[in-house]
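Letter by letter, the chains look like this.
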Amino acid sequence: MFYTIFYDIDSDGSNFVACSELLHYFEIEDTKFEHKLFGLFDEDASGEINFMEFVCSMWNMLTLHITELGSLVFLMFSPDGRRPLTYSEIREIMEMMVS
C-alpha cells in the first residue's frame, strides 16, 4: 500500500518525493508550517524523501496519538529534543499555526 501511494505522489518519477509533491497529492495548503514538518520526514536534509523516509514518516504520523502533537511540534524546532525552545521559536510556532 505505501509503495503504491509513494509512487502516485512522486509525480516527476524521480523516486523521491519533494514537499510540494506531497502537499499537492494530499491537497494541503503550502505553508511554512508544512515545510517545517516535512523537514522532520527528511532525515538526510536532502529536500526530498525517499521511500524509506516516507514509510517511517507516515507510520509515525498515522500512529501518533492526539496527546503527542505538542511533542511533534517541539521536535520541529529542536530535532534532538534536548534544548528548550526560545521565545522567538515559540512565537514563530504560534504565527505558523494561525497563518
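Not measured: the values here are computed from a predicted model.

Colleague: What should I look at first to understand the nonpolar core in this one?
Modeller: Nonpolar side chains tend toward joint burial in soluble globular proteins. In terms of nonpolar packing, the biggest core is built from 19 residues, with Val17, Leu22, Phe38, Phe41, Ile49, Phe54 and Met76 touching the most fellow members. The set of elements that each furnish at least two residues to this core consists of α1 (2-9), α2 (19-25), α3 (32-41), α4 (51-62), α5 (69-77) and α6 (87-98). Contact partners of phenylalanine 41, with chain neighbours within four places excluded, come to Leu22, Ile49, Glu53, Ser57, Met58 and Met61.

Colleague: I would appreciate a short explanation of the pattern of salt bridges in the present structure.
Modeller: Opposite charge on two side chains lets them pair, provided their charged atoms get close. The full count for this structure, using the stated rule, is two salt bridges. A salt bridge links lysine 32 to glutamate 92; the shortest N-O distance between them is 3.3 Å. Here glutamate 92 lies in helix α6 and lysine 32 lies in helix α3, a separation of 60 residues in the sequence.

Colleague: Is there a simple way to explain the state of the cysteines in this structure?
Modeller: Each disulfide consists of one covalent bond between the sulfur atoms belonging to two cysteines. Using the criterion set out here, one finds zero disulfides in the structure. Cysteine 56 supplies the cysteine sulfur nearest to cysteine 19, a cysteine that is in no disulfide, at a spacing of 18 Å. Assessed through its relative accessible area of 7%, cysteine 19 is described here as buried. Residue class for cysteine 56 comes out partly exposed when judged on its relative accessible area of 40%.

Colleague: Can you walk me through the packing of aromatic side chains in this structure?
Modeller: Between two aromatic rings, the relevant description is the distance of the centres plus the angle of the planes. The full count for this structure, using the stated rule, is eight aromatic pairs. Measuring from ring centre to ring centre gives 5.9 Å for tyrosine 3 and phenylalanine 51, while their planes differ by 75 degrees; the resulting arrangement is edge-to-face. With tyrosine 3 in helix α1 and phenylalanine 51 in helix α4, this pair connects stretches of sequence that are 48 residues apart. Looking at tyrosine 3, the relative accessible area reads 52%, which means it is exposed. Judged by relative accessible area, phenylalanine 51 falls into the partly exposed class, the value being 29%. Centre to centre, the rings of phenylalanine 38 and phenylalanine 41 are 6.3 Å apart; their planes meet at 65 degrees, and the pair counts as edge-to-face. Taken as a pair, phenylalanine 38 and phenylalanine 41 lie in helix α3 at a separation of three residues, close to a single helical turn. Ring-pair connections join several aromatic residues into one group, and the members of that group are Phe2, Tyr3, Phe6, Tyr7, Phe51 and Phe54.

Colleague: Where do I start with unusual backbone geometry in this structure?
Modeller: Note: most peptide bonds trans; most residues except glycine with negative phi. Even without glycine at this site, asparagine 15 takes up a positive phi of about 70 degrees. Of note, asparagine 15 is situated in the loop between α1 and β1 (17-18). Of note in this structure, alanine 45 is not a glycine but carries a positive phi near 55 degrees. The residue alanine 45 is located in the loop between α3 and β2 (48-49) in this model. For alanine 45, a relative accessible area of 67% corresponds to the exposed category.

About the criteria used
- Residues numbered from 1 in each chain as written.
- Predicted model: local features only at pLDDT ≥ 70, side-chain atom pairs only at ≥ 80, totals over all residues.
- Heavy atoms only, no water.
- Core = buried A, V, L, I, M, F, W, Y, C linked by side-chain atoms within 4.5 Å.
- Buried < 20%, exposed > 50% of the residue type's maximum accessible area, 1.4 Å probe, protein only.
- Helix = DSSP H or I, 4+ residues; strand = E, 2+ residues; numbered from the N terminus.
- Contact = heavy atoms within 4.5 Å.
- Salt bridge = Lys/Arg side-chain N within 4 Å of Asp/Glu carboxyl O.
- Disulfide = S-S within 2.5 Å.
- Phe/Tyr/Trp six-rings, centres within 6.5 Å; stacked < 30°, edge-to-face > 60°.

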